Amino acid sequence: MKSRNYSITYRILHWAIAICFLMLLFTIFLRSTWLNKHNVAAIIQNFMADNNQTLTDEQSIQLAKKIRKPMWDWHIYIGYALVGLYAIRLLVPFLGQMKFTNPMSREFTFKEKFQYWSYIVFYVCVSVSLTTGLLMMFGPQNLAGPAENIHVLSIYYLLAFIVIHLFGVFGAELTTQRGLISKIISGGKK
């Protein structure tokens, strides 16, 4: 694979998108673990019992949802930021700042074609995730449920892509593309 230098535009977009995805995963992790509505409701119930007060299970769940709402709002705000970054990422090649690599090119090895196709699949999946997220927020009510079902599945492609991406980056760094990680941080020599 040819050695590349990464423009400042590419690096800023890459890291901004990566940070957004990590923050989204963090909010999902919190919602699924410590800030799970049932866990928070149980804490509320225990606190109330210790103070000789009671709430129904339904009231505890409602209070738990209110407690964790600000955290979940961050998931939504970060999603909006990701929509903007994704739109910029798709537009930048047309502005000459970054090139689009055609994975069908005969000059590429199988490994390079796999790499470029994996990015295309990733961007299509991101598009589906963002579209379903926006449908949940702004779409017709009858599409909110199906959109949410699809949106929830997004975590699987995202985790798979992160693992494949990190494996590929570290594999390249340790074998044929020494300095790859420092180039995505500093841009590489001109």
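Throughout what follows, the structure given in this document is the object of discussion. (Residues numbered from 1 in each chain as written. Predicted model: local features only at pLDDT ≥ 70, side-chain atom pairs only at ≥ 80, totals over all residues. Heavy atoms only, no water.)

1. Topic: the overall build of the chain
Next, step 1: Across its full length, the chain carries 7 helices and 0 strands.
Next, step 2: Listing every helix and strand of the chain by position from the N terminus yields α-α-α-α-α-α-α.
Next, step 3: Relative to the 2.2 N^0.38 estimate, which gives 16 Å for 190 residues, the radius of gyration of the chain is 21 Å and therefore markedly larger than a compact globule would have.
Next, step 4: The principal-axis extents of the C-alpha atoms in the chain amount to approximately 70 × 40 × 30 Å.
Next, step 5: For the chain, the proportion of its 190 residues judged to be buried stands at 30%.
Next, step 6: A fraction of 66% describes how many contacts in the chain between residues 6 or more apart in sequence connect residues 24 or more apart.
Next, step 7: Counting only carbon and sulfur atoms, one obtains 69% of the accessible surface of the chain, whose full area is about 12,900 Å². (Helix = DSSP H or I, 4+ residues; strand = E, 2+ residues; numbered from the N terminus. Rg over C-alpha atoms; globule rule 2.2 N^0.38 Å. Buried < 20%, exposed > 50% of the residue type's maximum accessible area, 1.4 Å probe, protein only. Contact = heavy atoms within 4.5 Å. Areas by Shrake-Rupley, 256 points an atom, 1.4 Å probe, with all protein chains shown as cover.)

2. Topic: the layout of surface pockets
Next, step 1: When its volume is computed, the second largest pocket comes out at roughly 1,100 Å³.
Next, step 2: Forming the boundary of the second largest pocket are 37 residues, of which Arg31, Trp72, His75, Met136 and His151 lie nearest the centre.
Next, step 3: Breaking the lining of the second largest pocket down by element, the ones donating at least two residues are helix H1 (8-32), helix H2 (37-50), helix H3 (57-91), helix H4 (110-138), helix H5 (141-152) and helix H6 (154-174).
Next, step 4: The element contributing the most residues to the lining of the second largest pocket is H3, with 11 residues.
Next, step 5: A class-by-class count of the residues in the lining of the second largest pocket yields 20 nonpolar, 10 polar and 7 charged. (1 Å grid on protein atoms, 1.4 Å probe; cavity = no way out; pocket = protein on both sides within 12 Å on 5 of 7 lines; lining within 4 Å. Points joined across faces, edges and corners; volume = space filled by probe spheres on them. Nonpolar A, V, L, I, M, F, W, Y, C, P; charged D, E, K, R; others polar.)

3. Comments concerning the side chain of arginine 68
Next, step 1: Within the secondary structure, arginine 68 is located in helix H3.
Next, step 2: No salt bridge is formed by the buried arginine 68, whose closest oppositely charged neighbour, glutamate 148, lies at an N-O distance of 8.7 Å.
Next, step 3: Excluding anything up to four places from it in sequence, arginine 68 contacts Arg31, Leu35, Asn36 and Lys37. (Lys, Arg positive; Asp, Glu negative; His and termini not counted. Salt bridge = Lys/Arg side-chain N within 4 Å of Asp/Glu carboxyl O.)

4. Focus on the environment of serine 60
Next, step 1: Examined against the element boundaries, serine 60 turns out to sit in helix H3.
Next, step 2: Sequence-wise, serine 60 and valine 40 are 20 residues apart; in three dimensions their C-alpha atoms are separated by 8.1 Å.

These figures capture arrangement, not role.
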